[in-house]
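In case you want the letters, here they are:
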Amino acid sequence: MSGSRRTELGAGGLAAGISTGAYCLASALHGTYPFGARARAGRDLGDQFVPLHAHLWDLLHGNTTGDLLFNWNSGYGAPFLADFVAYLMNPFSWLVGLFPRDAVNLPVFLATLFSIGLGAAVMTRFLGRLHPGPPWQRALLAVGYGLCAWVLGEGAANPMWMWGLVSLPLVCLACDLCLRQRHWSLGAVAVAVAWAGNFYTGAMATAGAGLVLLLRVVLLTGRPFHVRLKLLARAASMVLFGVLLAAPVLTVTLPARRVAQPAPLAAYDGPPGVAGYLAQLLPGGRPDHPLPEIFVGMLGLVLVAALPFNRRVPVRERVGWYALLVLVGASFVWKPTILLWHGLTLPNDSPYRAAFVLSGLLVMAAWVSLARRPDLFALAGGTGAVTLVALLGHGQSSVTGSTWVLVGVGGVLVPGALLLLERTAFRRTAGAVLAVGVLAGATWSAYSVTVARDLPSDRPGSTAGRSAAYRVIRGADDWPRSRTDPGPHEFTANDPLLLGGEGGGYSSRYLPSTTAELLHDLGAGWYLGGRHTLSPADPVGRALFGVTTYLEDGLAPDGFTVGRAAAAPLVTLRPDGPGPDTSSVWSRQQALLGAAVYQVPQLTPAAGPAPTLHGSSGWSIPATPADGAWTTFEGSCTPGSAVLFHGPWFNGTVRGPDAEYVSRGRQPVIAMPIRPLGDTPADGRVRVELRTGAATQIPAQPVGCLDRAALARVLAGPVRATGVHSTGHTLTADLPPGSTGTALIAVPAATGWRCSADGGPEQPPSPVLGMIGVPLGTGTTAIACTYRTPGLVEGAAVSGAALAALVGVALVALLRRRSRRGGPGSVASG
């Protein structure tokens, strides 16, 4: 290994070591996992990504019933490949297989940590390609990128997005190869790695790298116009082939996105104020409302601010870099360009998910300044500009006491150390001061943002409770004869992935709308407008999905209780007949059950503020006056029957014969499930009282009275399959000889299912209220259903063709090089 290569590796190691060390020190100071008991990065990490990594562990160890294509655990059966591509393709996520399952939090932490280190190391390398200069100085600047505000405030909570931190400098290196007209194939592979690791941030990184290349080609090179066009065409073709190499990530996720439950409508509140935006350049704070989080530490900030005053940098280059920074910064706060950055979809939380790109550009501009050795004039101008930004930011939510300490100390230490670098006698001392200052500043910034970011979780249960639930679910699992549901109790939003079993809960941006609508229509609850479904909380809903063991909310020590009940089998037979009644949740449940088990009383207003009936659309419930009577309904049911209430959008308090609960419905974001209200009294009069602080609504038939004995009779004798078998993404069932009608499979009919009867041709299922239905014809003895991921075959074909073309280009290039070496008079080696 050459000395220069060892130096580059050492510089990358220095950047990785300082950035990961600072992140670990900050976590240890705050007592954050794995250095303490605090949960990391808020709710999203524990709710979604830790369970997903637990499921990846199960896949790697053969510990689950599904495979990469289909997930039998969640949503009573849901496609999985799009989730895998979107959430688990960061290569560091795959480290989870090396750890015990009950320690899955640790590899999730390491995925973030190693992404920080690798991102800083690759940025160190690219800065050297941007302009030559001391490797250790590049490493110190790259630390600011590895621990930029986006990483600390948003990226750390999303391990898959952290690959974007690696992708930006990686694609910049690929574009640099185009600029040097070398290794086109290697550059395409680098683009493919960026997009495959996470296509969402990979696209953002590619856009940022393209802007940097455009700046370098158009403004900063003196090459002829036709040569510049050739370089840009070379880069465009490289990116195109790189994306084609990673085609399956797009051909799988885009179709999945089209059939997924839509996200709640997001609104952009308009651009932030200039002072608030500029304040995000200052380290150590986090805004209390969405803003682009972009700081890169005091070393980078002082050098970026000094760039306009650095007379050793050509004016054209100074203007070009500042124009790029301003244009990208402006594009983050203008709605049309926000949509471009985010794939034409406005995010629901922060609309500034691409902020790491601007942080990377800030570090690049800082290096352009540092590589030309800023003098006293430049550093004085930069320090003055930072002071002005700090004064403008005074009073902003992101400017805290930590910010003032970092700005005050760094504003003196950084310019002083940079000036001393010009003096040979003090160069080592100045370098040591800068290194220690960068480590201390990065640690303090990370600690301050972590404290502001990590809010207490309101999720119930401890690690011991989750372990106990896992043992219960694993011990009771009887798939595919029946389902074992870890809900409706919730430790996380993805308990079926974390605990095993086969539940209705699932939280994913790729959750099929078929699944969300089926569960909603049958009385289950949801959050996030249906992107987070819940398991049914009523006896019939559980029975329809074959749930015989389930977990409900309970008291300490574990926070849950185990429930058991009879249920319908996974595959039942339904005779042909008229279409089902879908007028209410009770009729829909009965249609799938195949028998009547409910009385639906005709409710009449009896007391309190008068409600208004709008036909089949439902009742409008007026606000309850303070200390006034509740809106009261009365109806008649058989004494002893179970009274159930369905008010998915009702927000207020519901009181029945023996129970009262608080409903937090909010259309269309939060839907509440069917809830029990006790038993019908001996006189048969059912009284339901409602209290709400604002006008709201309930269905036209919100109350159903369940005949438990009738339900037990139905579940004891349905016509069912004689045998059901399930593998990774297939399900087969043996039927009684001569079966006719429709085989009803208690699985949502997601796009991609193909079914056959008695080995006949595969056809899409005929859904029955959202469940898979297989027409049996005149007599059938077996059915088979297979899930085929839409877009997978097409994506694999495109990727294979791109790979073949890439290999061909690489071989041609290799032959040309050998031909040039073996010219006249040379001795060609075999």
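Let us look at the structure shown here. (Residues numbered from 1 in each chain as written. Predicted model: local features only at pLDDT ≥ 70, side-chain atom pairs only at ≥ 80, totals over all residues. Heavy atoms only, no water.)

### Digging into the side chain of Ser331
Residue placement: Ser331 occurs in helix α14 (residues 315-331). Classification of Ser331 as buried rests on a relative accessible area of 10%. When residues no more than four places from it in sequence are discounted, the contact partners of Ser331 are Thr337, Ile338 and Trp341. (Helix = DSSP H or I, 4+ residues; strand = E, 2+ residues; numbered from the N terminus. Buried < 20%, exposed > 50% of the residue type's maximum accessible area, 1.4 Å probe, protein only. Contact = heavy atoms within 4.5 Å.)

### A few points about the pairing of strand β8 (residues 560-564)
Two strands pair when backbone bridges link them, and strand β7 (residues 547-553) and β8 are joined in this way by five bridges, in the antiparallel orientation. The residue of β8 that forms the bridge with Glu552 is Thr561. Hairpin connection between β7 and β8: a loop of six residues separates the two successive antiparallel strands, and Gly559 in this loop has a positive phi of roughly 85°. (Pairing = 2+ DSSP bridges.)

### Some details on the state of the cysteines
This structure, assessed with the given rule, holds two disulfides. Shown here is the disulfide that connects Cys637 with Cys705, its sulfur atoms set 2.0 Å apart. Taking the sign of the S-S torsion, 80° for the link of Cys637 and Cys705, the bridge is right-handed. You can see Cys637 sitting in the loop between β14 (631-636) and β15 (642-645) and its partner Cys705 sitting in strand β21 (residues 703-706), a full 68 residues away along the chain. Comparing Cys637 with Cys705, the two get one shared label, buried. Linked covalently through their sulfurs, Cys755 and Cys785 form a disulfide whose S-S length is 2.1 Å. The S-S bond linking Cys755 to Cys785 shows a torsion near 110°; that makes this disulfide right-handed. (Disulfide = S-S within 2.5 Å.)

### A short note on the environment of Leu130
Inspection of the secondary structure assignment puts Leu130 in helix α4 (residues 105-130). Each C-alpha atom, one on Leu130 and one on Ala86, is 31 Å from the other, the two residues being 44 residues apart in sequence. If we skip the residues at most four places from it in the chain, Leu130 touches Arg216, Trp321, Met364, Trp367 and Val368.

### Looking at the nonpolar core
If you look at the biggest cluster of nonpolar residues, it comprises 168 residues, and the most contacted ones within it are Leu141, Met238, Leu299, Trp321, Phe332, Met364 and Leu418. With 13 residues, the single largest contributor to this core is helix α16 (residues 355-370). Not counting residues up to four positions away in its chain, the partners in contact with Trp321 are Leu130, Val212, Leu215, Leu220, Leu307, Leu361, Met364, Ala365 and Val368. If you look at the next biggest cluster of nonpolar residues, it comprises 52 residues, including Ala568, Leu715, Ala743 and Leu744. (Core = buried A, V, L, I, M, F, W, Y, C linked by side-chain atoms within 4.5 Å.)

### Topic: the environment of Leu69
Mapped onto the elements of the fold, Leu69 is located in the loop between α2 (42-60) and β1 (70-71). Judged by its relative accessible area of 18%, Leu69 is buried. Once residues within four sequence positions are removed from consideration, Leu69 is found in contact with Pro79, Phe80, Leu81, His729, Tyr787, Thr789 and Leu792.

### Observations regarding the packing of helix α13 (residues 297-306) against helix α17 (residues 376-393)
At their nearest, the axes of α13 and α17 sit 7 Å apart, and the two run at 110° to each other. When the interaxial angle is binned, α13 and α17 end up roughly perpendicular. Relative to α17, the crossing made by α13 is right-handed. Across the interface between the two elements, Met298, Leu301, Val302, Ala305 and Ala306 from α13 touch Ala378, Leu379, Gly382, Ala385 and Val386 from α17. Across the contact of α13 with α17, the residue classes tally to nine nonpolar, one polar and no charged. (Axes fitted to C-alpha atoms, helices over the stretch in contact; angles between N-to-C directions. Parallel < 35°, antiparallel > 145°, perpendicular 65-115°, else oblique. Left-handed = near helix turned anticlockwise from the far one by under 90°. Nonpolar A, V, L, I, M, F, W, Y, C, P; charged D, E, K, R; others polar.)

### With respect to the sheet that holds strand β3 (residues 483-488)
Pairing in this open sheet of three strands is mixed, and the strands run β3-β7-β8 from one edge to the other. Each edge of the open sheet carries a strand with a single partner, namely β3 and β8. Neighbour to neighbour, the strand axes of the sheet diverge by 20° on average, direction disregarded. Sheet topology places β3 next to β7; four bridges connect them, and they run parallel. Bridged to Arg483 within β7 is Val547. Its contacts with the sheet place helix α20 (residues 463-476) against β3, β7 and β8, and it is angled at close to 10° to β8.

### Remarks on the packing of aromatic side chains
If you walk through the whole model with that rule in mind, you get 22 aromatic pairs. Ring centres 5.3 Å apart and planes at 65° place the aromatic pair Trp184 and Phe241 in the edge-to-face group. Of this pair, Trp184 sits in helix α8 (residues 184-197) while Phe241 sits in helix α10 (residues 225-245), and the two are 57 residues apart along the sequence. Take Phe241: its relative accessible area is 25%, and that puts it in the partly exposed class. Considering the side-chain rings of Trp753 and Tyr787, the 5.7 Å spacing of their centres and the 70° angle between planes classify their relative orientation as edge-to-face. Linking Trp753 in strand β24 (residues 753-757) with Tyr787 in strand β25 (residues 771-787), this pair joins segments that are 34 residues apart in sequence. For the pair shown, Trp753 and Tyr787 are each scored as buried. Across the ring face of Tyr200, the terminal group of Arg509 is positioned such that the distance to the ring centre comes to 5.8 Å. Just above the ring of Trp630 sits the side chain of Arg655; from NZ or CZ to the centre is 3.8 Å. (Phe/Tyr/Trp six-rings, centres within 6.5 Å; stacked < 30°, edge-to-face > 60°. Lys NZ or Arg CZ within 6 Å of the ring centre and 35° of its normal.)

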